[in-house]
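The primary structure of each chain is shown beneath.
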Amino acid sequence: PEEHNDVSTPAPVADPAVHPAWLPDAAFAPLGSRRIAVEIPARDWSTLSAQVAQTVRAEVAAAVATHGGAVVDASDAPDVALVVIAHNDQDPEAFTVAHGGGVTRVTAADPRGLLYGLFHLVRLGEAAFDGSAIGEDVERHAPATALRMLDHWDNIAVHPVMGQVERGYSGGSIFYRDGVVREDLTRVARYARLLAASGINHVAVNNVNVGPLETRLLGDLLPDVVRIADVFRPYGIQTHVSVSWAAPGRLGGLETSDPFDAGVQQWWADAADRVWAAIPDFGGFVIKADSEGQPGPFVYGRTHADGANMLAAAVAKHGGLIHWRAFVYNHEQNWRDRKTDRAKAAYQHFAPYDGTFAENVVVQIKHGPLDFQVREATSPAIAAMPNTRVAAEFQVTTEYLGHQKHAVYLGRMWSELLSFPYWGEGSATMADIATGRGPGGRAGGFAAVSNVGDDVFWTGHPFSQANLYAWGRLTWDPTADPIAILDEWIGLTFPGLSAAGRQVVHAILDESWETYEMYTAPLGVCFMVYPHSHYGPSPDGYEYTPWGTYHFADRDGIGVDRTVATGSGYTAQYPAPWASVYESLDTVPDELVLFFHHVPYTHVLRSGKTVIQHVYDTHFEGLERVEASIAAWEAAAAEFPADVAGRVTERFAEQLGSTTDWRDIVNTYFLRKSGLPDEQGRRIY
Ligand code: GCW
């Protein structure tokens, strides 16, 4: 344990001040009570792989020390053998498992695969060793993509409006405090371990809104990035930094950021040389350009392909990546202008440049065309760039989904989005495109905004840990069953919980996304939140703002006409069959009807209900479902550790109040607009 701060030999140490999340000591008992052989041949490993090899050894040593097993030689009758062998697996993160003759055997071509194999055994628990979960046939596990990323929106200094972590609901940053990178990165080491156990292997350590201080991460603060990278590396995680397009001016005193300027090109090449000299396995740069006030190439009359390719050239010789975000739209829109449709922006700005981005550019596109709403259509831009590496971007932090005050599990939502077949049933899905299995075959991977902070539970609501865990697991296997993932998380996080207790967590979380949708903005209409904070109901909050997110409710109807026939023409950005499915009111799915159409309140949905009655019914039911969750929780709370129980109980009180507000304010809004009463005569204010 004393070696804990020595990053080259990390050993898991229990820190009572921090919740162990899905890696409590007890989760290692089945493994740690056995005789384990680790065989990793000395070879010319990369620094990353060599350090991961040490991590595997340290994990095994710590587990047997805690649980009474032993580290033995391979020839000394082990129960478990973890072996790096020269096999022809091309994927350094892949591993195989097999069980025979009383031995559970994990093999990999690289220590990184072995680390994932080790955590696989931890997840399976006793079943990994008795032949019930692992059979005699060799079973291969490999990630769907090599790029499984978390983006932190952490600021070094506390931002006057956004705080330290933009859209963070879990306290301060685990990286920064009081305007500097933390001296003690122990917490980051624990985070790295949790991420490795869920499958994440890339982390960007600062907000995509990059201030002057954060710009210095490429300059005088680079040694701090080195320290962070040193802590991530032993767990197989590569570090990335978000950069500002204005960096050549801010740091280098240049007067332009024009990507065609030789001085600018040189400045970025030098910056890249500096970073990779300090961190040879550095991942690359993330950039938000020409978006929400961040500078970008538009000022110079250049395109985003011009900008991205200039940065790509600077990092190419180091094997670096440019994650160029496609979240580019006009945030100074005039609400009187009915022609501009923000949903069309990403496609308009990026699709025309398909095929012109350098090979080391990943265009990172939000899963929906607006902004991480509880329900919006899938982004057509993701399917429009077969000759570009596209990453699908998600949000683990619940900016629009209850701020980790509401119990909302997002595994189901992500799974549904990831499996969206862009060219109709059976065709390539969003996950296929991101992992290089779509048309064009280029892989950009997955990225999501982290929900972690320096909160004792990491994520504010203890149950929000499940989202972080599920994100990692889905990036590894986007086809995995999100409820099985949730069950895995429950089992690891709450060892010893009774079957009834487990059921309660499932009852609360399994359909919590749908529940949240029920009591918030209906039928894909989006937003209806308080501006700025994005928490709580404010149906007209964004209606007359410059942000381009309107629902156009009047006394007759509501919704955004995005059809070709009479609206913004957005539906034409989709391939067949979706373009016509969404275009027609006869075929548009109910849950997205207001995303694509402006309809009267009396419009009859495919479900047979009118829009207005659907709104009333779902809002009453949404609150009832939260009340049922609370009742289930109260009956089971005593089974949970007191600190967890206390926090969950406190969050439920907040959720109940907030959900009640949502129900009453949305119902009242619709009643006042439409004048149409609830068929069931329930109380609306
Ligand atoms: O959803 C919006 C958020 C901003 C965020 C932006 C983005 C980091 O409200 O806080 O900025 O998206 O994705 O860049």
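Everything numeric in this text was worked out from a predicted model, so none of it was measured. (Residues numbered from 1 in each chain as written. Predicted model: local features only at pLDDT ≥ 70, side-chain atom pairs only at ≥ 80, totals over all residues. Heavy atoms only, no water.)

(A) Spotlight on the overall build of the chain. A count of helices and strands for the chain gives 20 helices and 20 strands. Its C-alpha atoms give the chain a radius of gyration of 25 Å, within 12% of the compact-globule value 26 Å for 685 residues. Seen through its principal axes, the chain has C-alpha atoms that stretch 80 × 65 × 50 Å. Here the chain, with 685 residues, has 63% of them falling under the buried criterion. A total accessible area of about 24200 Å² is found for the chain, and carbon and sulfur atoms account for 52% of it. (Helix = DSSP H or I, 4+ residues; strand = E, 2+ residues; numbered from the N terminus. Rg over C-alpha atoms; globule rule 2.2 N^0.38 Å. Buried < 20%, exposed > 50% of the residue type's maximum accessible area, 1.4 Å probe, protein only. Areas by Shrake-Rupley, 256 points an atom, 1.4 Å probe, with all protein chains shown as cover.)

(B) Region of interest: the nonpolar core. Judged by nonpolar contacts, the single largest core of 207 residues is most densely connected at L82 and W268. The dominant element in this core, judged by the number of residues it contributes, is helix α19 (residues 611–636), at 9 residues. Filtering out sequence-adjacent residues up to four positions away, W268 remains in contact with L218, V243, S244, W245, A247, P248, F285, M310, L311 and A314. (Core = buried A, V, L, I, M, F, W, Y, C linked by side-chain atoms within 4.5 Å. Contact = heavy atoms within 4.5 Å.)

(C) Local environment of helix α15 (residues 499–509). When we look at burial in α15, the residues that qualify are G501, V504, V505, H506, I508 and L509. In this fold, the buried residues of α15 make contact with α14 (482–493), α16 (512–519), α19 and α20 (642–674).

(D) Representation of the sheet that holds strand β4 (residues 95–100). With mixed pairing, 6 strands are arranged side by side in an open sheet as β2-β1-β3-β5-β4-β6. The outermost strands of the open sheet, each flanked by one partner alone, are β2 (70–71) and β6 (139–141). As paired strands, strand β1 (residues 35–39) and β2 are joined by 2 bridges and run parallel to one another. If you follow R35 over to β2, its bridge partner there is A70. (Pairing = 2+ DSSP bridges.)

(E) Expanded view of empty space enclosed by the protein. Summed over the entire model, instances satisfying the criterion amount to 7 cavities of 30 Å³ or more. The calculated volume of the largest cavity comes to roughly 100 Å³. As for the largest cavity, its lining consists of 13 residues, of which A326, F327, A346, P369 and L370 are closest to the centre. Where the lining of the largest cavity is concerned, the elements lending two or more residues are α10 (345–350) and β16 (361–366). Class assignment for the residues of the lining of the largest cavity results in 9 nonpolar, 2 polar and 2 charged. (1 Å grid on protein atoms, 1.4 Å probe; cavity = no way out; pocket = protein on both sides within 12 Å on 5 of 7 lines; lining within 4 Å. Points joined across faces, edges and corners; volume = space filled by probe spheres on them. Nonpolar A, V, L, I, M, F, W, Y, C, P; charged D, E, K, R; others polar.)

(F) Spatial organisation of the packing of α16 against α19. Where α16 contacts α19, the two axes come as close as 7 Å, and the packing angle between them is 135°. Judged by the inter-axis angle, α16 sits oblique to α19. For α16 against α19, the interelement crossing comes out left-handed. Across the interface between the two elements, E514, T515, M518 and Y519 of α16 pack against T618, H619, E621, G622, R625 and V626 of α19. The class makeup of the residues in the contact of α16 with α19 is 3 nonpolar, 4 polar and 3 charged. (Axes fitted to C-alpha atoms, helices over the stretch in contact; angles between N-to-C directions. Parallel < 35°, antiparallel > 145°, perpendicular 65-115°, else oblique. Left-handed = near helix turned anticlockwise from the far one by under 90°.)

(G) Spatial organisation of the sheet that holds strand β12 (residues 202–204). Spatially, the 8 strands close up into a barrel ordered β7-β12-β13-β14-β15-β16-β17-β18, and their pairing is parallel. Here the strands of the sheet are splayed against their neighbours by 25° on average, with no regard to which way each runs. Bridging between β12 and strand β13 (residues 238–243) involves 3 bridges; their strand directions are parallel. Bridge pairing links A204 to H240 in β13. In this fold helix α9 (residues 304–316) packs onto β14 (284–287), β15 (321–325) and β16, with an angle of close to 160° to the strand it touches most, β15.

(H) Main features of the packing of helix α13 (residues 465–476) against α14. In contact at an axis separation of 10 Å, α13 and α14 are set at 125° when each is read in the N-to-C sense. In terms of their interaxial angle, α13 and α14 are classed as oblique. Between α13 and α14 lies a crossing of right-handed hand. Within the contact between the two elements, α13 uses Q465, A466, Y469, A470, R473 and L474 and α14 uses I485, L486, E488, W489, L492 and T493. Across the contact of α13 with α14, the residue classes tally to 8 nonpolar, 2 polar and 2 charged.

(I) Looking closely at the layout of surface pockets. Empty space within the largest pocket amounts to approximately 840 Å³. Along the walls of the largest pocket sit 44 residues, with M162, E166, R167, N209 and E292 positioned nearest its centre. Counting only elements with at least two residues in the lining of the largest pocket, the list comes to β8 (154–159), β9 (163–165) and α5 (212–215). Split by residue class, the lining of the largest pocket holds 18 nonpolar, 15 polar and 11 charged. Summarising the domain contributions, the lining of the largest pocket has at least three residues from each of domain 2 (148–493) and domain 3 (517–560 + 598–674). (Domains from an automatic or database assignment.)

(J) A look at the domain arrangement of the chain. The domains assigned to the chain are domain 1 (2–141), domain 2 (148–493) and domain 3 (517–560 + 598–674). Taking only C-alpha atoms into account, the centre of domain 1 sits 45 Å from that of domain 3.

(K) Examining the environment of V205 more closely. Examined against the element boundaries, V205 turns out to sit in the loop between β12 and α5. Separated by 305 residues in the primary sequence, V205 and D510 have C-alpha atoms spaced 31 Å apart.

(L) Spotlight on the pairing of strand β7 (residues 148–151). In β7, alternate side chains face the same way, and those of R148 and L150 on one face and M149 and D151 on the other are all buried. Of the pairings in the sheet, the one linking β7 to strand β18 (residues 446–449) comprises 4 bridges and is parallel in character. Within β18, the residue paired with L150 across the bridge is A448. Bridging between β7 and β12 involves 3 bridges; their strand directions are parallel. Pairing of M149 across the sheet is with H202, part of β12.

(M) Focus on the site of the ligand. Around the ligand, a shell composed of 15 residues is seen, among which E166, K288, R325, D371 and E399 lie nearest. At a separation of 3.3 Å, an oxygen atom of the ligand approaches a polar side-chain atom of N209. Measuring from an oxygen atom of the ligand, one finds a side-chain N or O atom of E399 at 2.6 Å. Out of a free accessible area of 340 Å², the ligand has 97% covered by protein chains. When each cavity is represented as a set of grid points, the ligand is found to reside in the largest pocket. Along the lines of polarity and charge, the residues of the shell around the ligand split into 4 nonpolar, 3 polar and 8 charged. (Near = heavy atom within 4 Å. Polar contact = N/O pair within 3.5 Å; in protein donor to acceptor, adjacent residues only side chain to side chain. Sits in = over half its atoms within 2 Å of the grid points.)

(N) A look at the side chain of D664. The residue D664 is located in helix α20 in this model. Overall, D664 belongs to the buried group, its relative accessible area being 14%. Within the local environment of D664, its side chain forms a polar contact with the side chain of R663, the two groups lying 2.8 Å apart.

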